[in-house]
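An overview of the molecular structure
Read off the chains here:
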Amino acid sequence: MAKRIITESSRTLMEYRLLPGYTSVDCSPDSISLRTPLVYSEDNKKKYYLNVPLVSAAMQSVSGARMGIELAKLGGTAFLFCSQTIESEANMVKKVKNHKAGFVKPQKMKIDMKVKEMFEIRKRSGHSTFPVVDDNGLFLGLISKWDYDISLHSDCLIKERMINKENIEVGINITDLKEANNALLESHKSILPILDDQGKLVSMVFRKDINDQLDFPLEVHDENKRLVSVAAINTHDHKERVEALVKSGVDVLAIDSSDGYTQYQADAIKWINENYPAIPVIGGNIITKEGFRFLVEAGAKAIKVGMGGGSICITQEQKGTGRGLATTIIDVVEERDKYFTETGKYIPIAADGGVTSTKDVTIALALGADYVMMGRYFARMDESPTDKIVVNNRVMKPYWGEGSARAQNWKARRYNQGKFVEGVEGLVEYAGHLRDNLEETLAKIKSSMGTCGAMNIPEFHQLAELEVVSALSIREGKPHDIFVGTENTDNNEYNSSE
Ligand code: IMP
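Residues numbered from 1 in each chain as written. Predicted model: local features only at pLDDT ≥ 70, side-chain atom pairs only at ≥ 80, totals over all residues. Heavy atoms only, no water.

**Focus: the overall build of the chain**
For the chain, the count of helices and strands is 17 helices and 23 strands. Rg of the C-alpha trace for the chain: 24 Å, near the compact-globule value of 23 Å for 498 residues, within the 12% margin. When burial is assessed residue by residue, the chain has 52% of its 498 residues classed as buried. If you take every contact in the chain between residues at least 6 apart in sequence, the share linking residues at least 24 apart comes to 65%. (Helix = DSSP H or I, 4+ residues; strand = E, 2+ residues; numbered from the N terminus. Rg over C-alpha atoms; globule rule 2.2 N^0.38 Å. Buried < 20%, exposed > 50% of the residue type's maximum accessible area, 1.4 Å probe, protein only. Contact = heavy atoms within 4.5 Å.)

Have a look at this one:
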């Protein structure tokens, strides 16, 4: 006989709806706060809070340095993936920590490269202006799309078409964006290369970016105004990896595992707490009260919950393990609240896997999660590490699981067996800029919170009233009995853009 058999079905986020609560005039979207703790910390440092409750998944196709930078600027954070060499992950952390808003580190060209080689890089990167440097990094000039015509100059060398440094205004050792902006205004130019004392190129400032770059009120940064960086680790090479990540300035570590209720994970957490007590570790994934208690007692400072629900996940099919994310959150949150009453320590919970739309995010938060981790949602955006491709006239981006064949070429993988896959590889529809997507998503979350009368996430946890809905109600909640475009919605699933 099994140790435990639960006969009630576990439920997904899709099966819940919120009931409205009283909304006062104070509860307007502008006054609702989405601030939420990233990890428990005794000293309550600001850098351990997110200003929006969204984090991107530790996956090759989702969270590279660019996502790490852009999401932190907008109030969330990316969990940089660990299925890569220690050196390359440490470099990603450095890029996030050393990022200076508005100071772009562009790809550099050499004078003897052919214009057609640069044109290929331009097509891939989408950038149209490149600095030209010598072998020692000394700045020699700029080449932009106005300086050549690919049909005429493809075999020319860059040095034949570039604008030489003598004709370019540069800034020396400028580190303040407002100062760079003033220098740009005075130069009447749109690009300012920033050089060091020796004339080496450090970065470039583009006038078109400046207003945007000065406007990140929700940015998550440390006490030195450097963006917060979270990096995933595994339980195989963590000793060497953590050392390198800490040297690069990482703020928080997160163990990336599909099953965190293991001795490996407890040992890794204890080892990090002993050797790097200043760096909080996030544990997971677990889906039961027992798993939560086990990891928290081992020293985890936040817990990721969820198994089997990810959009690329086939764990449930392959192994029969998993649980609906809503039931997981309800169960684990109950234990988290009990632990809080016992110890006074509030351990944040991240809901992870299968959160596909904003309403799922809202339900996860209402059920007691502190923030939500998503892969598919972020994979669709410009800031994910993959290139866009066009399939049947639709712009797509590749997205694959960390347990898929594509990611399993990495030795210290999340899914350790190696004999079978637990994830798939596919395509997701390209969705544009992170900032535009987040604006809409956050507006919807705030609107739902307002409907429930909650001014912030802790209040949302207390005030939310939820109800399970039937399959017929879910159907009724979509457009029905009308024609959308040329399709009768009675017979066709209405697909939201999310
Ligand atoms: P999504 O937001 O529904 O796309 O799910 C992303 C989450 O799926 C990640 O944060 C991981 O927890 C999980 N995940 C990532 N790769 C795999 C895999 O290959 N198999 C199963 N789950 C995965």
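After that view, the rundown keeps rolling.
**Notes on the site of the ligand**
Ser 311, Asp 352, Gly 375, Tyr 399 and Gly 403 are the nearest of the 24 residues found near the ligand. Within the backbone of Gly 354, one N or O atom sits 2.8 Å away from an oxygen atom of the ligand. In this structure, Gly 375 approaches the ligand through a main-chain N or O atom, which is 2.7 Å from an oxygen atom. About the coverage of the ligand: the protein hides 96% of its 500 Å² of free accessible area. Its residues placed into classes, the shell around the ligand shows eight nonpolar, eleven polar and five charged. (Near = heavy atom within 4 Å. Polar contact = N/O pair within 3.5 Å; in protein donor to acceptor, adjacent residues only side chain to side chain. Areas by Shrake-Rupley, 256 points an atom, 1.4 Å probe, with all protein chains shown as cover. Nonpolar A, V, L, I, M, F, W, Y, C, P; charged D, E, K, R; others polar.)

**Remarks on the environment of Ala 443**
Secondary-structure assignment places Ala 443 in helix α15 (residues 434-451). Judged by its relative accessible area of 45%, Ala 443 is partly exposed. Considering only alpha carbons, one finds Ala 443 and Ile 233, 210 residues apart in sequence, at a separation of 33 Å.

**Focus: the packing of helix α9 (residues 263-275) against helix α10 (residues 289-298)**
Where α9 contacts α10, the axes come no closer than 8 Å and their chain directions differ by 25°. The angle between α9 and α10 places the two elements in the roughly parallel class. Taken as a pair, α9 and α10 cross one another with a handedness that is right-handed. Here Gln 263, Gln 265, Ala 266, Ile 269, Lys 270 and Asn 273 of α9 come into contact with α10, specifically with Phe 294, Leu 295 and Ala 298. Each residue belonging to the contact of α9 with α10 can be placed in one class, and the counts come to five nonpolar, three polar and one charged. (Axes fitted to C-alpha atoms, helices over the stretch in contact; angles between N-to-C directions. Parallel < 35°, antiparallel > 145°, perpendicular 65-115°, else oblique. Left-handed = near helix turned anticlockwise from the far one by under 90°.)

**Section: α9**
An ideal rise of 1.5 Å per residue puts 18 Å on 13 residues; α9 measures up with 18 Å between its terminal C-alpha atoms. Within α9 the residues assigned to the buried category are Gln 265, Ala 266, Ala 268, Ile 269, Trp 271, Ile 272 and Asn 273. For α9, the secondary structure elements touched by its buried residues are β12 (230-233), α8 (238-248), β13 (252-255), β14 (281-286) and α10. (Expected span 1.5 Å × (residues − 1).)

**Digging into the nonpolar core**
Ranked by internal contacts, the top residues of the largest apolar core, which has 102 residues, are Phe 79, Ile 329 and Phe 378. Formed by twelve residues, the second largest nonpolar core is a distinct cluster that contains Met 113, Val 115, Ile 121 and Phe 130. (Core = buried A, V, L, I, M, F, W, Y, C linked by side-chain atoms within 4.5 Å.)

**What about unusual backbone geometry?**
A cis amide bond links Gly 284 to the next residue, Asn 285, at an omega of 0°. Looking at where Asn 285 falls in the secondary structure, it is placed in strand β14. For Asn 173, which is not a glycine, the phi torsion comes out positive at approximately 55°. Along the chain, Asn 173 turns up in the loop between β9 (171-172) and α6 (177-187).

**A short note on the domain arrangement of the chain**
When cut into domains, the chain gives domain 1 (13-100 + 225-495) and domain 2 (109-215). Placing a centre on the C-alpha atoms of domain 1 and another on those of domain 2 gives a separation of 37 Å. Facing four residues of domain 1, the contacting portion of domain 2 comprises five residues. Summed over both sides, the interface of domain 1 with domain 2 buries roughly 320 Å², with 25% coming from carbon and sulfur. Counting across the domain 1 and domain 2 interface gives zero salt bridges. Our enumeration of links across domain 1 and domain 2 arrives at zero residue pairs in polar contact (both at pLDDT 80 or more). Counted by class, the side of domain 1 that touches domain 2 contains no nonpolar, no polar and four charged residues. (Domains from an automatic or database assignment. Buried area = accessible area lost by both parts, 1.4 Å probe. Salt bridge = Lys/Arg side-chain N within 4 Å of Asp/Glu carboxyl O.)

**A look at helix α3 (residues 115-125)**
One turn of an α-helix holds 3.6 residues; hence residues three or four places apart share an orientation. Among the residues making up α3, those that are buried are Val 115, Met 118 and Ile 121. End-on, the buried residues of α3 take up no more than an arc of 120°, which puts them together on one face. Turned more than 90 degrees off the buried face of α3, the exposed positions are Lys 123 and Arg 124. Phi turns positive, to about 80°, at Gly 126, one or two residues after α3. (Arc of directions from axis to C-beta.)

**Remarks on the sheet that holds strand β18 (residues 389-391)**
Across the sheet, which stays open at both edges, the three strands sit in the order β18-β19-β20 with antiparallel pairing between neighbours. Here the strands that pair on one side only, and so sit at the sheet edges, are β18 and β20 (425-429). Recorded for the sheet is a direction-independent mean angle of 55° between the axes of neighbouring strands. With three bridges joining them, β18 and strand β19 (residues 394-400) adopt antiparallel strand pairing. Paired with Ile 389 across the strands is Met 396, a residue of β19. (Pairing = 2+ DSSP bridges.)

**Looking at the confidence of the model for the chain**
In low-pLDDT segments, the atomic positions of the prediction should not be examined closely. Per-residue confidence for the chain averages 92 on the pLDDT scale, and 95% of its residues sit at or above 70. Contacts of residues 491-497 to residues separated by more than four positions or lying in other chains number five contacts, the stretch itself having pLDDT below 50. (pLDDT = per-residue confidence, 0-100.)

**Regarding a nonpolar patch on the surface**
Where nonpolar side chains cluster on the molecular surface, the patch consists of Ile 389, Val 391 and Leu 427 and spans about 200 Å² of accessible area. Of note, Val 391 is situated in strand β18. (Patch = residues over 30% accessible without salt bridge, like charges linked within 9 Å, V, L, I, M, F, W, Y side chains within 5 Å.)

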